[in-house]
Amino acid sequence: MSQKITSQQAIDLEEKHGAHNYHPLPVVLTKGEGVYVWDVEGKRYYDFLSAYSAVNQGHCHPKIVKAMTQQAETLTLTSRAFYNDKLGLYEEKITTLFGFDKVLPMNSGAEAVETALKLCRKWAYEKKGITENQAQIIVCENNFHGRTTTIISFSNDAEARKNYGPYTDGFIQIEYDNIDALRAILESNKNIAGFLVEPIQGEAGVYVPSTGYLAEAKLLCEQHNVLFIADEVQTGIARTGKMLAVDHENVKPDILVLGKALSGGAYPVSAVLANDAIMEVIKPGQHGSTFGGNPIAAAVAIAALEVVEDEKLAENAERLGQLFRSKLNEYIENSSICNLVRGKGLLNAILINDSEESETAWNICLALRDNGLLAKPTHGNIIRFAPPLVMNEEQLLDCVRIIIETLKQFEK
Ligand SMILES: *Cc1c(COP(=O)(O)O)cnc(C)c1O
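This is a predicted model, so every value here is computed, not measured.

**Overview of the overall build of the chain**
Along its length, the chain carries 14 helices and 15 strands. The C-alpha radius of gyration computed for the chain amounts to 21 Å, which stays within 12% of the reference 22 Å derived for 412 residues, consistent with globular compactness. In terms of principal-axis extent, the alpha carbons of the chain reach across some 60 × 55 × 45 Å. Here the chain holds 412 residues, and 53% of them are scored as buried. Taking the intrachain contacts of the chain between residues at least 6 apart in sequence as the baseline, contacts between residues at least 24 apart amount to 73%. Summed over all atoms, the accessible surface of the chain reaches about 18,800 Å², with 49% contributed by carbon and sulfur. Computed over 39 positive and 53 negative side-chain charges, the separation of the two mean positions in the chain equals 2 Å.

Pasting the structure below:
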């Protein structure tokens, strides 16, 4: 049943029949390949969002698609009531690659964060010896960790949180990138189980913490027997120029949370990694997921990780990220519309010189679309730029040209 519809028809259908929990840029995509996507009228765009960094390996990577379709024709789901012949291979691959004893497989990023929180609490009661129901987990202001009731309980984004109460207890919010705030809490509160942090705050607007922050935070956590939980759902899998963003500071998290590009955008695959001393607190029946660790997810994730290694995507992200920021910095020097470019690897953002409430960043994204490049504002006046990591230099320079020419249309 292949029914051709126009962009406007597709938008109208979603408007009429879908919940309005998103505000998409008006463009209707029908095909993707590598760094490109096409709309239903056949216009081609550079994808500068990469599905929030899920499509690091590029759209419809042939190796990932092949792994997925082959597995889909063989065995899709057994549940964890039985073993399957792909999960163990995947578990071996991912634990070896990231240097952890064990992985707990889930599907969405939010589920993996929830898993990490449950694991951390259970560890706190059974290993650290915190009194039952007293454990606290430190989180950062302006965090984004997903959309479940517990996760939005410790968000300070009013849109994400308001009227979803009552909220889950047991979280303490501190300022991001403020090592003194972390130290003060750790020294004054004996019930801290973990510190949950994004190595770069992606959704908040690509906030890169000061050099040394993550390493110091990890050290403080060690000194206080507190688990350092890195949410690398967006920053992980080569996005920032290293396999993990914490690798920039040689930090080894106690619990690592991955998602998004773990499947190259082909399938929802997320993971929680930890060593035995932590992971062993979860025993049969105490946590799970019907789809977590299914054979398609396992086959897809193996392929997706191999692509990252084989195609040296971290190195490419590092090199092209430097080039991107240097080119944009040249332009920004004399720009009235753009104030700043920041980021690491190919996770970058620009600040638009207008108020957070203004429509300017949105209008710039519409103009970028018209000029063949898709991006979206994160918060008000910040536009995130995160192309697939399979981009080459010539394509990147073409994109820089489009971005600068578009920004120039908005110069006053
Ligand atoms: C996207 C994201 C999540 C949530 O992932 P979902 O798959 O949307 O549930 C969690 N943490 C971070 C840092 C993310 O960017």
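Now that the structure has been shown, the text picks up again.
**Some details on the pattern of salt bridges**
When the charged atoms of two side chains lie near each other, side chains of opposite charge can form a pair. Applying the stated criterion across every chain, the model contains 15 salt bridges. The salt bridge partner of Lys93 is Glu309, with a shortest N-O separation of 2.6 Å. Residue Lys93 is found in helix H4 (residues 87-98), and its partner Glu309 is found in helix H11 (residues 295-310); the two are separated by 216 residues along the sequence. Given a relative accessible area of 34%, Glu309 falls into the partly exposed group. Between Arg319 and Glu393 there is a salt bridge, and its shortest N-O distance comes to 3.0 Å. Of this pair, Arg319 sits in helix H12 (residues 313-332) while Glu393 is found in helix H14 (residues 393-408), placing the two residues 74 residues apart along the sequence. Given a relative accessible area of 44%, Arg319 falls into the partly exposed group.

**Notes on the domain arrangement of the chain**
What the domain assignment reports for the chain is domain 1 (7-57 + 312-408) and domain 2 (62-310). For domain 1 and domain 2, the distance between their C-alpha centroids amounts to 26 Å. With 28 residues of domain 1 in contact, the opposing surface of domain 2 contributes 30 residues. When the buried area of domain 1 at its contact with domain 2 is split by residue, Gln57, Lys344 and Leu347 rank highest and sum to 29% of it.

**Points about the pairing of strand S9 (residues 255-258)**
Moving residue by residue along a regular strand, the side chains alternate between the two faces of the sheet. Burial along S9 is two-sided: Ile255 and Val257 and Leu256 and Leu258, pointing in opposite directions, are all buried. With three bridges connecting them, strand S8 (residues 227-231) and S9 associate as parallel partners. When the sheet's bridge partners are listed, Ile229 is paired in S9 with Ile255. Note that S9 and strand S10 (residues 270-274) share four bridges and pair antiparallel. Bridge pairing in S10 links Ile255 to Ala274.

**Considering the sheet that holds strand S14 (residues 376-377)**
Spatially, S11-S12-S15-S14 is the arrangement adopted by the four strands of the open sheet, whose pairing is antiparallel. Two strands bound the open sheet, and with one partner strand each, they are strand S11 (338-344) and S14. Inspection of the sheet shows S11 paired to strand S12 (residues 347-352) by six bridges, in the antiparallel sense. Note that in S12 the partner of Lys344 across the bridge is Leu347. H12 rests against S11, S12 and strand S15 (382-385) of the sheet, and its axis sits at about 170° to S11.

Parameters at a glance
- Residues numbered from 1 in each chain as written.
- Predicted model: local features only at pLDDT ≥ 70, side-chain atom pairs only at ≥ 80, totals over all residues.
- Heavy atoms only, no water.
- Helix = DSSP H or I, 4+ residues; strand = E, 2+ residues; numbered from the N terminus.
- Rg over C-alpha atoms; globule rule 2.2 N^0.38 Å.
- Buried < 20%, exposed > 50% of the residue type's maximum accessible area, 1.4 Å probe, protein only.
- Contact = heavy atoms within 4.5 Å.
- Areas by Shrake-Rupley, 256 points an atom, 1.4 Å probe, with all protein chains shown as cover.
- Lys, Arg positive; Asp, Glu negative; His and termini not counted.
- Charge placed at Lys NZ, Arg CZ, Asp CG, Glu CD.
- Salt bridge = Lys/Arg side-chain N within 4 Å of Asp/Glu carboxyl O.
- Domains from an automatic or database assignment.
- Buried area = accessible area lost by both parts, 1.4 Å probe.
- Pairing = 2+ DSSP bridges.
- Axes fitted to C-alpha atoms, helices over the stretch in contact; angles between N-to-C directions.

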